Amino acid sequence: MDKIEELISEQAIIKKVEEIGNQINKDFQNNKVMIVSVLKGSFIFTADLVRFLNFPVEIAFIAASSYGASTVSSGELKIRYDIDIPVKDKNVILVEDIIDTGLTISRLKEYLYELGAKDVRICTIFDKPDRREKQVSIDYCGFVIPNEFVVGYGLDYNNKYRNLRNLCKITI
Ligand code: 5GP
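The notes below deal with the structure included here. The numbering scheme is per chain: residues are counted from 1 as the chain's sequence reads. In view of the model being predicted, local features appear only for residues whose pLDDT reaches at least 70, and side-chain atom pairs are presented and counted only at 80 or more, with totals across whole chains, interfaces and linings using the full set of residues. Side-chain descriptors were evaluated using all non-hydrogen atoms of the structure, hydrogens and water having been removed beforehand.

Regarding the layout of surface pockets
Definitions used for this entry: grid spacing 1 Å over protein atoms alone; cavity, a set of points where a 1.4 Å probe fits but cannot get out; pocket, an open set with protein on both sides within 12 Å along at least 5 of 7 lines; lining residue, one with an atom within 4 Å of a point. Grid points are joined across faces, edges and corners, and a volume is the space filled by probe spheres set on the points. There is about 730 Å³ of room inside the largest pocket. Forming the walls of the largest pocket are 28 residues, and the residues nearest its centre are Glu-96, Asp-97, Ile-98, Thr-104 and Leu-155. In DSSP terms, a helix is any run of H or I states spanning at least four residues, a strand is any run of E spanning at least two, and both are numbered starting from the N terminus. Broken down by secondary-structure element, the contributors of at least two residues to the lining of the largest pocket are strand 2 (33-39), strand 3 (57-67), strand 5 (91-99) and helix 3 (103-114). Residue composition of the lining of the largest pocket, by class: eleven nonpolar, eight polar and nine charged. Charged means Asp, Glu, Lys or Arg here, nonpolar means Ala, Val, Leu, Ile, Met, Phe, Trp, Tyr, Cys or Pro, and polar covers whatever is left, Gly included.

Structure follows, in structure tokens:
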């Protein structure tokens, strides 16, 4: 049996998402923004966050994994589902569930610039800095969490637990 313990409550998460949304509203007043949600884990965070934004946003999704040598580059990016809206000359906010080694998000940021984005910011609801291999500048961060394997609020273990409304530590 998996042992599940709450780390962050549903109420604390939604309050933080609202704060991030308010900050993005301030930063991007009258500027066009495209949200790129990194699947699958950030689907719940993205759905909550965009409903706190008070201007029209374009929303796209990407599914990718990165592998390999972090000291040389951010590693190879394998895209399983690509963005279906033009990115050229747009302000993009990459929305992640959790940043761990930093490899995936760094490589995704580079990829968006390769597609011609004007500006790319990084937004994550959870940050696990202990295992960082690639330094990442996070523009919008929800919670810094300890080096535990976590599930809930979109994050899975073996494709389960994404639907938990809070963030939990799982012991297998
Ligand atoms: P990284 O920053 O190491 O390139 O990878 C981030 C990705 O690793 C996240 O998008 C997520 O899919 C996965 N990940 C990292 N830490 C955890 C965790 O504690 N729980 C879950 N479910 N996924 C994690």
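With respect to the site of the ligand
Definition of nearness: a residue and a molecule or strand are near each other if at least one heavy atom of the residue lies within 4 Å of the molecule or strand. The local shell around the ligand holds 15 residues, among which Thr-101, Thr-104, Lys-128, Val-150 and Asp-156 are the closest. Whenever two N or O atoms come within 3.5 Å, that pair is a polar contact, provided that in protein one can donate a hydrogen and the other can accept it, and provided that, for residues adjacent in sequence, both atoms are side-chain atoms. Between the ligand and Asp-97, the relevant distance is 3.0 Å, taken from an oxygen atom to a side-chain nitrogen or oxygen of the residue. In this structure, a nitrogen atom belonging to the ligand sits 2.7 Å away from a main-chain N or O atom of Val-150. Computed with a 1.4 Å probe, the accessible areas rest on the Shrake-Rupley method; for each residue, only the protein chains presented here act as cover. For the ligand, whose free accessible area comes to 510 Å², the fraction covered by protein is 79%. When atoms are counted within 2 Å of each cavity's grid points, the one that captures over half of the ligand is the largest pocket. Listed by contribution, the elements that provide at least two residues to the shell around the ligand are strand 5 and helix 3. When residues of the shell around the ligand are assigned to their parent elements, the largest contribution, four residues, is made by strand 5. Pocket occupancy is defined atom-wise: a molecule lies in a cavity or pocket when more than half of its atoms are within 2 Å of its grid points.

A word on the side chain of Asp-97
With respect to the helices, strands and loops of the structure, Asp-97 is situated in strand 5. Buried, partly exposed and exposed residues are distinguished by accessible area as a fraction of the type maximum, computed with a 1.4 Å probe on protein chains only: under 20%, between the cut-offs, and over 50%, respectively. Under the convention used here, Asp and Glu are negative, Lys and Arg are positive, and both His and the chain ends fall outside the count. We define a salt bridge as a side-chain nitrogen of Lys or Arg found within 4 Å of a carboxyl oxygen belonging to Asp or Glu. Although Asp-97 lies buried, it forms no salt bridge, and the closest oppositely charged side chain, Arg-162, sits 5.6 Å away as judged by the N-O distance. Here, two residues are considered to be in contact whenever any of their heavy atoms come within 4.5 Å of each other. Residues in contact with Asp-97, not counting those within four places in the same chain, are Gly-41, Ser-42, Thr-124, Ile-125, Phe-126 and Leu-155.

Notes on the pattern of salt bridges
Side chains that differ in sign of charge can pair as their charged atoms come close. Tallied over the entire structure, the rule returns 13 salt bridges. Salt-bridge contacts for Lys-15 lead to Glu-19; the nearest nitrogen and oxygen are separated by 3.7 Å. Here Lys-15 pairs with Glu-19, and both are found in helix 1 (residues 10-27), just four residues apart, close to one helical turn. Take Lys-15: its relative accessible area is 53%, and that puts it in the exposed class.

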